[in-house]
Amino acid sequence: MVFAALAAGLVPAGLPGGLSAGLIAPPAAQAQNIGQRAVIGIVVDPNSAVVAGATVFLKDLKSKSIRSYTTDAAGKFRFTQVNMAEDHELWAEKDGHKSPVKTVSEWDARKEFETELKLK
């Protein structure tokens, strides 16, 4: 019974009877990305020139909420406080041109997701 409780992570290990004062951590394969990340990048035209004033969209696929950002003079964008436990779609638009949609996956453990969005 103690073994079953230890295997389930329900009791601390190392105390008398094989138990200790520390809790057993779940296996790494079960760990999830918790917290926030930044999604940053640059928007370029088909000739790879930077695009100032493009609108970049970040859509949370669970809540369906969409955030937007207008690129600066260097074509850069930055979204902060992006939930790492949710998948997101990212794309840019300007003057009727749109980039392909990219996925920011919850399985990507990077705290800073950096990409280039190329308008077509």
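Only a predicted model underlies this, so the values are computations on that prediction, with no experimental measurement involved.

## Things to note about the nonpolar core
Among the nonpolar cores identified, the biggest contains 15 residues, and Val 39, Val 43, Val 56, Phe 77, Phe 79, Leu 90 and Leu 117 are the most heavily contacted of them. The leading source of residues in this core is strand β4 (residues 76–83), at three residues. With near-sequence residues (within four places) excluded, Leu 90 lies in contact with Val 39, Val 56, Phe 57, Leu 58, Phe 77, Phe 79, Pro 100, Val 101, Lys 102, Val 104, Thr 115 and Leu 117.

## Thoughts on the sheet that holds strand β8 (residues 112–118)
Strand order in this open sheet of three strands is β4-β1-β8, and the pairing throughout is mixed. The sheet is open, and its two edges are formed by β4 and β8, each paired on a single side. Strand-to-strand twist across the sheet, computed as the mean angle between neighbouring axes with direction ignored, equals 20°. As paired elements, strand β1 (residues 36–44) and β8 share seven bridges and run parallel to each other. Residue pairing in the sheet places Val 44 in a bridge with Lys 118 of β8.

## Considering the packing of aromatic side chains
What describes a pair of aromatic rings is the distance from one ring centre to the other and the angle between the planes of the rings. Taken as a whole and assessed by the stated rule, the structure comprises three aromatic pairs. With a centroid separation of 6.0 Å and 65° between ring planes, the pair formed by Tyr 69 and Phe 79 is classed as edge-to-face. Taken together, the positions of Tyr 69 in strand β3 (residues 66–70) and Phe 79 in strand β4 put the pair 10 residues apart, joining distant regions of the chain. Using a relative accessible area of 32% as the deciding quantity, one classes Tyr 69 as partly exposed. Through a chain of ring-to-ring contacts, the aromatic side chains of Tyr 69, Phe 77 and Phe 79 assemble into a single cluster.

## Things to note about the environment of Leu 61
Relative to the assigned elements, Leu 61 resides in the loop between β2 (55–60) and β3. You can call Leu 61 partly exposed: its relative accessible area is 29%. Ignoring any residue separated from it by four or fewer positions in sequence, one finds Leu 61 in contact with Asp 87, His 88 and Glu 89.

Here is what the cut-offs are and how they apply
Residues numbered from 1 in each chain as written. Predicted model: local features only at pLDDT ≥ 70, side-chain atom pairs only at ≥ 80, totals over all residues. Heavy atoms only, no water. Core = buried A, V, L, I, M, F, W, Y, C linked by side-chain atoms within 4.5 Å. Buried < 20%, exposed > 50% of the residue type's maximum accessible area, 1.4 Å probe, protein only. Helix = DSSP H or I, 4+ residues; strand = E, 2+ residues; numbered from the N terminus. Contact = heavy atoms within 4.5 Å. Pairing = 2+ DSSP bridges. Axes fitted to C-alpha atoms, helices over the stretch in contact; angles between N-to-C directions. Phe/Tyr/Trp six-rings, centres within 6.5 Å; stacked < 30°, edge-to-face > 60°.

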